[in-house]
Amino acid sequence: MDTVLLTDSEADLLRAAELIKNGSIVGIPTETVYGLGADAGNEAAVRAVFAAKGRPADNPLIVHLADFSQAAEFTSAIPETAKKLAERFCPGPLTMVLPKNDRIPMVTSGGLDTVGIRVPSHRVMHRIIELSGCPIAAPSANTSGYPSPTTAQHVMRDMNGRIAAVVDGGQSEFGVESTVISFDGEDAVRILRPGAVTREMLLEVCGTVTIDPAILHEVEAGAKVASPGMKYKHYSPKADIIMVEGSIEGFTELVGENRGDGVYALVFDGDGELFPYRHLTYGADSSQQAHLLFQRLRELDELGAEKVYVRAPSPEGMGLAVYNRLIRAAGFEVIRV
Ligand code: TXA
Ligand code: MG
């Protein structure tokens with residue numbers, strides 16, 4: 001099967017929606033990263049999504065809706081806090097884990113009795129959900145374990161021949177996946193995966209926001225986790241990623257001592273001019289770093305990088321999302337200089 005590249009014209013979006021309605025899988029742009037969309041209620045289509053990604057069956061898919069008001073059709077209870085959060089952050093890069101009802105099959109929820117609900121803001125994704133009339137299950141459109149795709153070309157590279165079509169909606173705005181939260185009780189939420197909706201932003205709406213420890217620390221083998229995705233190695237290019245905390249001077253010295261064939265660095269924009277070794281840059285602030293990180297990790301693989309020293313981003317605000325993706329890509333290996 002050849003994968004068709006579609007544009008974001010109304011005619012092509014209609015084609016994409018028809019494919020999904022008929023049980024096929026389509027790569028779709030969102031404001032975070034590209035997703036692999038399928039009808040969330042069609043078990044065979046959802047199984048095919050897991051197969052296309054090579055994803056473990058116990059790692060649930062997020063269900064995307066055109067409007068948060070539809071969440072009641074697929075869940076058994078919606079806390080008041082969730083409604084308040086939806087008013088403020090939907091549509092947008094926020095996924096809320098809620099108790100599911102039986103309109104969401106167990107394959108979609110990875111065997112859990114909850115479902116992650118998200119209302120994407122990207123015009124193309126929104127229109128495809130509307131036209132298809134189904135809730136769309138969509139994991140990030142990368143091969144399992146590899147960095148998420150932020151362009152249609154990335155999706156093609158990972159999925160060509162495995163899915164029916166990819167819709168080109170340009171480069172993803174945020175560049176990291178949505179913030180995933182669960183509810184800890186009245187007015188209390190827990191961040192399971194950090195994203196562009198930050199802890200500070202959530203605190204404007206709810207009283208308590210806990211950051212799950214698995215965001216920054218390795219989960220022990222066999223440990224019970226709040227979100228299955230936390231167990232798996234993630235976001236990892238072929239190259240060995242080493243995260244380095246500390247000054248640019250210490251960083252430069254470290255890379256100098258270890259330089260050789262296949263050794264690259266990923267540094268901040270401002271570092272670029274002074275840094276004497278082979279490198280790419282990934283922005284000057286957290287939102288630029290989020291926007292560029294996955295693209296740079298893919299580019300480093302294309303350059304043939306075997307080992308990449310990366311300047312650790314600030315874990316503040318949206319930086320926590322960037323820090324979380326990098327520390328996982330690095331297999332939790334951090335050097336302090
Ligand atoms: O921005 C995004 O969220 C993108 C776009 C396409 O919407 N999607 C995405 O999906 O990143 P995925 O499948 O690559 O990551 C979903 C994460 C996984 O770590 C999964 O374990 C967690 O969310 N998750 C999904 N449903 C869950 C649930 N019911 N309970 C706990 N964690 C859940
Ligand atoms: Mg993913």
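Small disclaimer: the values here were computed from a predicted structure and weren't measured.

Parameters and conventions
- Residues numbered from 1 in each chain as written.
- Chains lettered and ligands numbered in written order.
- Predicted model: local features only at pLDDT ≥ 70, side-chain atom pairs only at ≥ 80, totals over all residues.
- Heavy atoms only, no water.
- Helix = DSSP H or I, 4+ residues; strand = E, 2+ residues; numbered from the N terminus.
- Rg over C-alpha atoms; globule rule 2.2 N^0.38 Å.
- Buried < 20%, exposed > 50% of the residue type's maximum accessible area, 1.4 Å probe, protein only.
- Contact = heavy atoms within 4.5 Å.
- Areas by Shrake-Rupley, 256 points an atom, 1.4 Å probe, with all protein chains shown as cover.
- Lys, Arg positive; Asp, Glu negative; His and termini not counted.
- Charge placed at Lys NZ, Arg CZ, Asp CG, Glu CD.
- Salt bridge = Lys/Arg side-chain N within 4 Å of Asp/Glu carboxyl O.
- 1 Å grid on protein atoms, 1.4 Å probe; cavity = no way out; pocket = protein on both sides within 12 Å on 5 of 7 lines; lining within 4 Å.
- Points joined across faces, edges and corners; volume = space filled by probe spheres on them.
- Nonpolar A, V, L, I, M, F, W, Y, C, P; charged D, E, K, R; others polar.
- Near = heavy atom within 4 Å.
- Polar contact = N/O pair within 3.5 Å; in protein donor to acceptor, adjacent residues only side chain to side chain.

### Re the overall build of the protein chain
Scanning the protein chain for helices and strands turns up nine helices and 16 strands. For the protein chain, whose C-alpha radius of gyration is 20 Å, the value lies close to the compact-globule estimate of 20 Å for 337 residues. In terms of principal-axis extent, the alpha carbons of the protein chain reach across some 60 × 50 × 35 Å. The buried share of the protein chain, reckoned over its 337 residues, is 57%. For the protein chain, the share of sequence-separated contacts (at least 6 apart) that also reach a separation of at least 24 residues comes to 68%. Looking at the protein chain as shown, the accessible area adds up to about 13,600 Å², and 49% of this sits on carbon and sulfur atoms. With 31 positive and 44 negative side-chain charges, the protein chain shows a spacing of 4 Å between the two charge centroids.

### Concerning the pattern of salt bridges
Under the defined criterion, the tally for this structure stands at 17 salt bridges. A salt bridge links D8 to R123; the shortest N-O distance between them is 3.6 Å. With a gap of 115 residues between them, D8 in the loop between β1 (4-6) and α1 (10-21) and R123 in helix α4 (residues 123-132) connect regions that are remote in the sequence. Note that R118 is salt-bridged to E31, the shortest N-O span being 2.7 Å. Pair noted here: R118 is in strand β6 (residues 114-118) and E31 is in the loop between β2 (26-28) and β3 (35-39), with a separation of 87 residues, a long-range link.

### Brief notes about the layout of surface pockets
Take a probe with the size of a water molecule and roll it over the atoms, and the empty space left behind shows itself. In this structure, the second largest pocket spans a volume of roughly 190 Å³. Lining of the second largest pocket is provided by 13 residues; of these, E218, V219, M230, K231 and Y232 occupy positions nearest its centre. Residue composition of the lining of the second largest pocket, grouped by class: six nonpolar, two polar and five charged.

### Describing the site of ligand 1
Contacts to ligand 1 come from 25 residues, most closely from T32, N59, H64, S178 and S227. In this structure, S178 approaches ligand 1 through a side-chain N or O atom, which is 2.6 Å from an oxygen atom. Within the backbone of G229, an N or O atom sits 2.8 Å from an oxygen atom of ligand 1. Computed on the free molecule, ligand 1 has an accessible area of 680 Å², of which 96% lies beneath the protein chains in the complex. If you list the elements that add at least two residues to the shell around ligand 1, you get β4 (62-64) and β6. Residue composition of the shell around ligand 1, by class: 11 nonpolar, 10 polar and four charged.

### Here we look at the side chain of R328
Considering the arrangement of structural elements, one finds R328 in helix α9 (residues 319-329). Within the local environment of R328, its side chain forms a polar contact with the backbone oxygen of A214, the two atoms lying 2.7 Å apart. Residues contacting R328, with those up to four places away along its chain left out, are A214, I215, G229, M230, Y232, K233, H234 and Y235.

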